[in-house]
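Take a look at the letters that make up each chain.
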Amino acid sequence: MSLETEIQKRRTFGIISHPDAGKTTLTEKLLLFGGAIQEAGAVKSNKIKKGATSDFMEIERQRGISVATSVLAFNYKEHKINILDTPGHKDFAEDTFRTLTAVDSVIVVIDVAKGVEEQTEKLVEVCRMRNIPMIVFINKLDREGKDAFDLLDEVEQKLGLHVTPLSFPIGMGYDFKGIYNIWEKNINLFSGDSRKNIEETISFSDINSPELEQLISEQSAATLRNDLELVYEVYPAFDRAAYLSGAQQPVFFGSALNNFGVRELLDCFVEIAPSPLPKASEERLVQPNEKAFTGFVFKIHANMDPNHRDRLAFVKIVSGSFERNKPYLHTRLGKKLKFSSPNAFFAEKKEVVDISYAGDIVGLHDTGNFKIGDTLTEGEVLHFRGIPSFSPEHFRYINNADPLKSKQLEKGIDQLMDEGVAQLFTLDFNGRKVIGTVGALQYEVIQYRLEHEYGAKCSYENFPIYKACWVEAPENPKDPDYLDFLRVKQKFLARDKQGQLVFLADSAFSIEMVKQKYPQLKLHFTSEFLN
């Protein structure tokens, strides 16, 4: 099969939402339709129920939340689908932001009762900045929730989107009868039986037909006709070019838990969603159908298999094809590397693949060569950007709680920091280690993983810091002002994992004072300018 054909088959997308909107449940049901799993799991802190496929870390199963992005792939209707299921919790937002650099489109999940929530707003803003095509899935229709038109208004106003419904609910909550599929012109009746893999679908091009009353009652039929009339008047017709440019967002309604409305979403998605898109590097725009391979690391995960202590770098293939045992240039290190067992993913299950194409995600076993943001090519020197480390919002000293396991603790911290879960700063004046995170829940995850994956125990102490600022040193390192800054602020200076100088400011006032006193000194709130 030609490279062009393989690329056209690919659909790589992320699923984003506020926690508990049903994102991981939707992922499970998509996998069920793809024939990738026999029985969908539920994301519950309940040992009896089968755990969700995409939540494969032990802590995720215990807490009932996703704390790491997982990659899942399956085939559906002659398309190769790559799903990146992201954490919804705000404490893991950095992992989600990085993942959004590796997707070509996004499905936004919204809870029918809660509507648009804070975390959804932040994530959608990132997608809008990058003009990522988005489909909205309004979930949990079998529960009492907001009116469908009110929800569409909320999505437009709060998220700044331009929506067009491609399906519409018949009733809501207790009165929920089913969905009218505007895209396919059919009706999907809701039985409420979650054991049924696929609900009954009835072709229905003429909604004025008297048969409608026999299917869903007179009152429901009248309401549906009025609703659809309003939909056709108020919302524009679906325009694929507008969707692909990020100017229009189709909306689907359903209930992921009951496996309802998911097939409609998936069928439309494979038809309209983009195949792999071009990506800008610092040097030039890279097209997916170029013959030469290029790709970048957007995530690193230690201990995907705790028995083997392996570390995997997740690489998004931007162009061409990636072949097993072929040497590729690591542009930051300037050396060629070969990979004998590149992996394709199915949550924690992996299989070695001989060839992968643009749009696919491959996992490469890593002995410490990779950092998030690294670029691999067939020889051309390229740098894909847009994956910075942000300034953390929480800071704590990390202490060794078991002196006999100091080597294990050091190794564990080293590997977990490479994942980008958190950032490590070593203070210049006393060598103490400080961990900075975007959210407080990260500390619990680090502590849990250090103990269960590395056999090391740690404790934390508060470190009252406002923000980490990366310091861009002047051209002359002996500049008197710069030396004065190093002397005056020595207690607040540290090095990050790459050895870059960081000013740990204790307040916004401190940052302003440094800017006024040392105007030629540049402070940055992300590390990207250094890479």
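Structure's up top.
Below: a short report on this structure. No experiment lies behind these values; they were computed from the predicted model shown.

### Concerning the packing of aromatic side chains
- The final tally for this structure, using the stated rule, is 19 aromatic pairs.
- Here Phe-322 and Tyr-328 contribute two aromatic rings whose centre-to-centre distance is 4.9 Å and whose plane-to-plane angle is 25 degrees, an arrangement assigned as stacked.
- Judged by its relative accessible area of 1%, Phe-322 is buried.
- A ring pair is formed by Phe-485 and Phe-503, whose centres lie 5.8 Å apart and whose planes are at 80 degrees; its orientation type is edge-to-face. Here the residue Phe-485 occupies a position in helix H13 (residues 480-488), and Phe-503 occupies one in strand E30 (residues 501-505), the gap between them amounting to 18 residues. Residue Phe-485 shares its accessibility class with Phe-503, and that shared class is buried.
- Members of the aromatic cluster, each reached through a chain of ring pairs, are Phe-293, Phe-322, Tyr-328, Phe-339 and Phe-370.

### So, the side chain of Lys-140
- With respect to the helices and strands, the residue Lys-140 is situated in the loop between strand E5 (134-139) and helix H6 (148-159).
- For Lys-140, a relative accessible area of 14% puts it in the buried group.
- A polar contact is formed between the side chain of Lys-140 and the side chain of Asp-111, at a distance of 3.2 Å.
- Residues within four places of Lys-140 in sequence aside, it is in contact with Asp-20, Ala-21, Gly-22, Asp-111, Val-112, Gly-254 and Ser-255.

### Observations concerning the pairing of strand E22 (residues 361-365)
- Here E22 lies mainly inside the structure; four of its five residues are buried.
- Across five bridges, strand E15 (residues 311-319) lies against E22 in antiparallel orientation. Counterpart to Leu-312 in the pairing with E22 is His-365.

### Here's the deal with the pairing of strand E8 (residues 178-181)
- Side chains Gly-178 and Tyr-180 of E8 all project onto a buried face; the interleaved residues Ile-179 and Asn-181 project onto the opposite face, where all are buried too.
- Adjacent in sequence and paired antiparallel, E8 and strand E9 (residues 186-189) are bridged by four residues, among which Lys-185 carries a positive phi angle near 55 degrees.

### Quick look at the sheet that holds strand E29 (residues 493-495)
- Taking strand neighbours across the sheet as the criterion, the eight strands line up as E27-E24-E26-E25-E29-E30-E28-E31 in an open arrangement whose pairing is antiparallel. Each edge of the sheet is formed by a strand with only one pairing partner; in this case those strands are strand E27 (458-462) and strand E31 (522-524). Ignoring strand direction, the axes of neighbouring strands in this sheet form an average angle of 40 degrees.
- Relative to E30, E29 runs antiparallel, the two sharing three bridges. Note that in E30 the partner of Arg-495 across the bridge is Leu-501.
- Docked against the sheet, helix H14 (residues 508-517) engages strand E28 (467-472), E30 and E31, running at close to 130 degrees with respect to E30.

### Quick notes on the environment of Asp-506
- One can find Asp-506 in the loop between E30 and H14.
- A residue is classified by how much of its surface remains accessible, and Asp-506, at 38% relative accessible area, is partly exposed.
- For the pair Asp-506 and Phe-492, spaced 14 residues apart in sequence, the C-alpha separation works out to 8.1 Å.
- In this structure, Asp-506 is in contact with Pro-464, Ile-465, Tyr-466 and Phe-492, ignoring residues within four places of it in sequence.
- At 2.5 Å, the side chain of Asp-506 and the side chain of Ser-510 are in polar contact.

### Quick look at the nonpolar core
- With 60 residues, the main nonpolar core has Val-106, Ile-138, Phe-168 and Phe-253 as its most contacted residues.
- Ranked by the residues each element gives to this core, the list is headed by H6, at six residues.
- Of the residues that make up this core, three or more belong to each of domain 1 (3-174 + 237-272) and domain 2 (279-377).
- Filtering out sequence-adjacent residues up to four positions away, Phe-253 remains in contact with Phe-137, Ile-138, Leu-141, Ala-148, Leu-152, Ser-167, Phe-168, Pro-169, Ile-179 and Gly-261.
- Counting residues in each nonpolar core, the second largest holds 28 residues, with Leu-72, Ile-83, Val-109 and Ala-256 among its members.

### A few points about helix H5 (residues 118-129)
- Over its twelve residues, H5 runs 17 Å from end to end, which matches the ideal 16 Å to within 8%, given 1.5 Å per residue.
- One or two positions beyond H5, positive phi appears at Asn-131, with a value near 55 degrees.

Conventions and cut-offs
- Residues numbered from 1 in each chain as written.
- Predicted model: local features only at pLDDT ≥ 70, side-chain atom pairs only at ≥ 80, totals over all residues.
- Heavy atoms only, no water.
- Phe/Tyr/Trp six-rings, centres within 6.5 Å; stacked < 30°, edge-to-face > 60°.
- Buried < 20%, exposed > 50% of the residue type's maximum accessible area, 1.4 Å probe, protein only.
- Helix = DSSP H or I, 4+ residues; strand = E, 2+ residues; numbered from the N terminus.
- Polar contact = N/O pair within 3.5 Å; in protein donor to acceptor, adjacent residues only side chain to side chain.
- Contact = heavy atoms within 4.5 Å.
- Pairing = 2+ DSSP bridges.
- Axes fitted to C-alpha atoms, helices over the stretch in contact; angles between N-to-C directions.
- Core = buried A, V, L, I, M, F, W, Y, C linked by side-chain atoms within 4.5 Å.
- Domains from an automatic or database assignment.
- Expected span 1.5 Å × (residues − 1).

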